[in-house]
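# Secondary and tertiary structure notes
What follows is each chain in one-letter form.
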Amino acid sequence: MRSAPASATVDGAGAAVPSLGPARTVPASRLGTGWEGPVLLFLTLLLLSFGVVTLYSASAVRAQMAGLPDYHFVVRQAIGQAVGVLLLVVAARLDYRRLRRWAWPMLGIVALLLLLTVFPGTQAIAPVVNGARRWLRLGPLVIQPAEFAKLALIVWTAALAVKKQERLSSLSRGLLPFLIIWGAVDLLIFLQPNLSTALLALLLAALVVFAAGARIGHFLLLGVVLLPWLWSRVDSVAYQMRRIVAFLDPSFDPAGVSYQINQSLIALGSGGLLGRGFGRGQQKFGFLPEPHNDFIFAMIGEEWGFLGVAALVVAYTAFLLVGYRIARQAPDLFGFLLAVGLTNLVVVQAFLHMAVNLALVPTTGVTLPFVSYGRSSLLVCMAAVGILVSIARAAEKRAE
């Protein structure tokens, strides 16, 4: 696709803002532009509404068993949704091109937060929970820095890929700078420890560089080089190794490490075509761990059946198609790469969550975007939607 010379744009206040990347011609389409943002907002609202309803059913029993009101998790999630909507509106009204200037500061802030979770002596604000230090407690605010690291890495990678576009075919001059920063951030996430999020963040960043034109052969070579090291790290963590064995053989240790995945499959299988009905699921009564979070897809399958699961798959697939269309219509290369990365942030995580619940990949702690309980993940996804809407609005103005 041919590029036009860089030109000045106008921000929301009417001031001239210089273009921060090569302009791209908007492809002609029978559908035109302008509908992508509203459709994306509709899909997000639909998933949020379905999520809060499902969350109540999945979490009420867990809350009561902990001596809390049955609506405890729903209220906390609703507060997160309200903040997320505000964040979405701000991001949608912001000129996304400004994020290119903010890429390094965003990455620096995230790195500092990650350091607080691994440094000794910071247990007061980064306590050990379930054997890991993944959360920061800053007064009433509890955040998971690794979730924000995924967003920061995508923005930074898109910004640097624009700068190094002509060098991406070179491993040493093009891809090496990305690998250094990715490795530094991923190491901090890995030390929490949080191997699954570290690998997911690396995958999302790599997909942005691949969309920018990097050679797939370089990634295959790096995979071959890193696989022995990664296997040694997994092998050194006995629990991770047992999870892989459980994935290969679900009958291994059915009362231990295989328990989660077996209960997830039972929940999905018992739902049938139409499900047991809203609120009538049985696995949430102490059988399925984390039914409101890591295994909420299994709960949906039990209560809403195959049709409910299929509707969810259709919703995320529609999100993928609309997000990629926004990328295709983006006015510049930075907008294109940013839209690809943010769409993947939501959709890849969604399908990975489903794959875990279906025992297609080893068990990892990945939430279902907009549906699972988890406010850090929710805020990041809402910010991603807002930025996508900003890119769609810029494409519409350029088309006009």
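Since this is a predicted model, take the numbers as computed values, not measurements.

### Remarks on the packing of aromatic side chains
With the rule as written, the count across this model stands at eight aromatic pairs. On the basis of an interplanar angle of 85 degrees and a centroid distance of 5.1 Å, the ring pair of Phe73 and Tyr373 is categorised as edge-to-face. Note that Phe73 is positioned in helix α2 (residues 72–93) and Tyr373 in the loop between α12 (333–357) and α13 (375–399), a separation of 300 residues in sequence. The class of Tyr373 is buried, set by a relative accessible area of 13%. The structure contains a cluster of three or more aromatic residues connected by ring pairs, namely Trp104, Trp156, Phe178 and Trp182.

### Points about helix α7 (residues 195–212)
An ideal rise of 1.5 Å per residue puts 26 Å on 18 residues; α7 measures up with 26 Å between its terminal C-alpha atoms. The set of residues buried in α7 consists of Leu195, Ser196, Thr197, Ala198, Leu200, Ala201, Leu204, Ala205, Ala206, Val208, Val209 and Ala212. Immediately beyond the C-terminal end of α7, within one or two residues, lies Gly213, with a positive phi of roughly 120 degrees.

### With respect to the nonpolar core
Within the largest apolar cluster, 94 residues are counted, with the highest numbers of intra-cluster contacts made by Leu338 and Phe370. Leu55, Ala63, Phe73 and Val74 belong to the second-largest nonpolar core, a separate cluster that totals five residues.

### A look at the confidence of the model for the protein
Taken as a whole, the protein shows an average pLDDT of 86; of its residues, 84% reach a score of 70 or greater. Predicted confidence for residues 1–20 stays below pLDDT 50, and this span has 29 contacts to residues more than four positions away or in other chains.

### Quick notes on α2
Under the 1.5 Å per step criterion, the end-to-end length of α2 is 33 Å for 22 residues, consistent within 8% with the ideal 32 Å. Among all positions of α2, only Phe73, Val74, Gln77, Gly80, Gln81, Gly84, Leu88, Ala91 and Ala92 are buried. For α2, the arc enclosing every buried residue in end-on projection is 115 degrees, short of the 170-degree limit, so these residues lie on one face. What points out from α2, more than 90 degrees from its buried face, is the exposed set Ile79, Leu86, Val90 and Arg93. Looking at the buried residues of α2, the elements they touch are α1 (36–65) and α13.

Conventions we followed
- Residues numbered from 1 in each chain as written.
- Predicted model: local features only at pLDDT ≥ 70, side-chain atom pairs only at ≥ 80, totals over all residues.
- Heavy atoms only, no water.
- Phe/Tyr/Trp six-rings, centres within 6.5 Å; stacked < 30°, edge-to-face > 60°.
- Helix = DSSP H or I, 4+ residues; strand = E, 2+ residues; numbered from the N terminus.
- Buried < 20%, exposed > 50% of the residue type's maximum accessible area, 1.4 Å probe, protein only.
- Expected span 1.5 Å × (residues − 1).
- Core = buried A, V, L, I, M, F, W, Y, C linked by side-chain atoms within 4.5 Å.
- pLDDT = per-residue confidence, 0-100.
- Contact = heavy atoms within 4.5 Å.
- Arc of directions from axis to C-beta.

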